[in-house]
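Architecture at a glance
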Amino acid sequence: MTKWKAFLPLLLSVAVLGCEPEPYTAEVGFTNGSYTGRHSVYKMTITTVSGGKANFAMGGVSGYPGAHSSGGRIDAPAYIEGEWEEGWGFADDDISSTPHHRISAPIPDNAEAKMKTMDNYYQNLDRDYSSMEVIVDGPRVRVFYSKSCVNMYDDCTPKQGADPNGWVVRSPKNQTDVVVLFDDKGESSPTNFSTSDN
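Residues numbered from 1 in each chain as written. Predicted model: local features only at pLDDT ≥ 70, side-chain atom pairs only at ≥ 80, totals over all residues. Heavy atoms only, no water.

Some points on the overall build of the protein
Helices and strands together make up the secondary structure of the protein, namely 3 helices and 12 strands. In the protein, buried positions account for 39% of the 198 residues. Contacts in the protein between residues far apart in sequence, at least 24 positions, make up 76% of those at least 6 positions apart. As presented, the protein carries roughly 11000 Å² of accessible surface, and 52% of it is formed by carbon and sulfur atoms. (Helix = DSSP H or I, 4+ residues; strand = E, 2+ residues; numbered from the N terminus. Buried < 20%, exposed > 50% of the residue type's maximum accessible area, 1.4 Å probe, protein only. Contact = heavy atoms within 4.5 Å. Areas by Shrake-Rupley, 256 points an atom, 1.4 Å probe, with all protein chains shown as cover.)

Dropping the structure here:
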């Protein structure tokens with residue numbers, strides 16, 4: 001019995017240290033859009049820290065924030081991969097001259113911290129859901145996270161000291177606050193990548 005008592009603290013410490021904390025998650029709607037006009041997004045996937053995948057490819061988009069889907073529960077994004085072209089292939093006369101773009105890149109490690117800042121930013125907003133937006137403008141790709149608080153409808157007063165890092169900025173249309181989780185440019189090609197790679 002004495003041996004078992006001596007072994008018990010070791011067993012408990014292994015069990016506690018062996019467990020990883022649950023990742024920070026949020027209930028989000030998925031949005032795919034553009035601030036600079038027509039784009040056709042046929043592949044746009046975000047992989048999260050826990051390994052989950054979220055599909056943001058919503059075809060022809062032309063506005064901001066753009067096409068929206070119900071989304072789901074998601075943890076912090078870790079990687080983005082996508083392919084898109086400027087214009088709408090079915091509407092443009094000369095698709096061969098349409099610029100094509102693709103990206104495959106890690107999302108900065110501070111994405112989760114930025115999401116937490118946004119989720120705790122407002123003094124009086126009581127909203128469980130958020131929005132994750134993938135915005136394409138030519139070769140540029142941005143990923144925003146927002147509580148979609150609009151002053152016309154909501155009390156968007158920030159808490160004092162809620163954003164010590166200055167991560168919260170105004171959306172491109174200056175309608176709401178967002179945090180920018182990713183902002184970079186992909187590769188460009190005058191022809192479709194599946195053709196140019198051969």
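And the narrative resumes.
Notes on helix α2 (residues 111–119)
Within α2 the residues assigned to the buried category are A111, K114, M115, T117 and M118. An end-on view of α2 places all buried positions within 160 degrees of arc, on one side of the element. (Arc of directions from axis to C-beta.)

Quick word on the pairing of strand β2 (residues 39–48)
Regular strands have side chains that alternate between both faces of the sheet. Judged by how many residues are buried, β2 sits mostly within the fold: 7 of 10 residues are covered. Note that β2 and strand β4 (residues 59–61) share 3 bridges and pair antiparallel. Within β4, the position partnered with V41 by the bridge is G59. Judged from the 9 bridges that link them, β2 and strand β6 (residues 77–86) form a sheet pairing that is antiparallel. (Pairing = 2+ DSSP bridges.)

Digging into the confidence of the model for the protein
Reading predicted coordinates in detail is not appropriate for stretches of low pLDDT. The predicted model of the protein averages 87 in pLDDT, with 83% of residues at 70 or higher. Here residues 91–96 is modelled with pLDDT under 50, and outside its nearest four sequence neighbours on either side it reaches 10 contacts, counting other chains as well. (pLDDT = per-residue confidence, 0-100.)

Quick word on the packing of aromatic side chains
The final tally for this structure, using the stated rule, is 4 aromatic pairs. Between Y64 and F144, the aromatic rings sit 6.3 Å apart at their centres with planes inclined by 80 degrees, giving edge-to-face as the arrangement. Of this pair, Y64 sits in the loop between β4 and β5 (67–75) while F144 sits in strand β9 (residues 140–146), and the two are 80 residues apart along the sequence. Residues Y64 and F144 agree in their burial class; the two are buried. Here Y121 and Y122 contribute two aromatic rings whose centre-to-centre distance is 5.0 Å and whose plane-to-plane angle is 80 degrees, an arrangement assigned as edge-to-face. On the basis of relative accessibility, which here comes to 13%, the residue Y121 falls in the buried class. (Phe/Tyr/Trp six-rings, centres within 6.5 Å; stacked < 30°, edge-to-face > 60°.)

What about unusual backbone geometry?
The step from Y64 to P65 runs through a cis peptide bond, and the omega angle for that step is 5 degrees. One non-glycine residue, S148, lies in the positive phi region at around 55 degrees. By the element assignment, S148 lies in the loop between β9 and β10 (168–170).

A look at the environment of P158
Assignment of secondary structure puts P158 in the loop between β9 and β10. For the pair P158 and Y121, spaced 37 residues apart in sequence, the C-alpha separation works out to 5.5 Å. Every residue in contact with P158, bar those within four places of it in the chain, is listed here: Y121, Y122 and Q123.

Observations regarding the nonpolar core
Of all hydrophobic cores here, the largest spans 35 residues; its most connected members are I80, M132 and Y145. Ignoring any residue separated from it by four or fewer positions in sequence, one finds I80 in contact with M44, T45, I46, I103, S104, A105, I107, V134, V141, V143 and F182. (Core = buried A, V, L, I, M, F, W, Y, C linked by side-chain atoms within 4.5 Å.)

Examining the state of the cysteines
The full count for this structure, using the stated rule, is 1 disulfide. Covalently, C149 is tied to C156 through a disulfide, its sulfur atoms 2.1 Å apart. Judged by the sign of its S-S torsion, about -105 degrees, the bond between C149 and C156 is left-handed. The burial state of C149 is the same as that of C156; both residues are buried. (Disulfide = S-S within 2.5 Å.)

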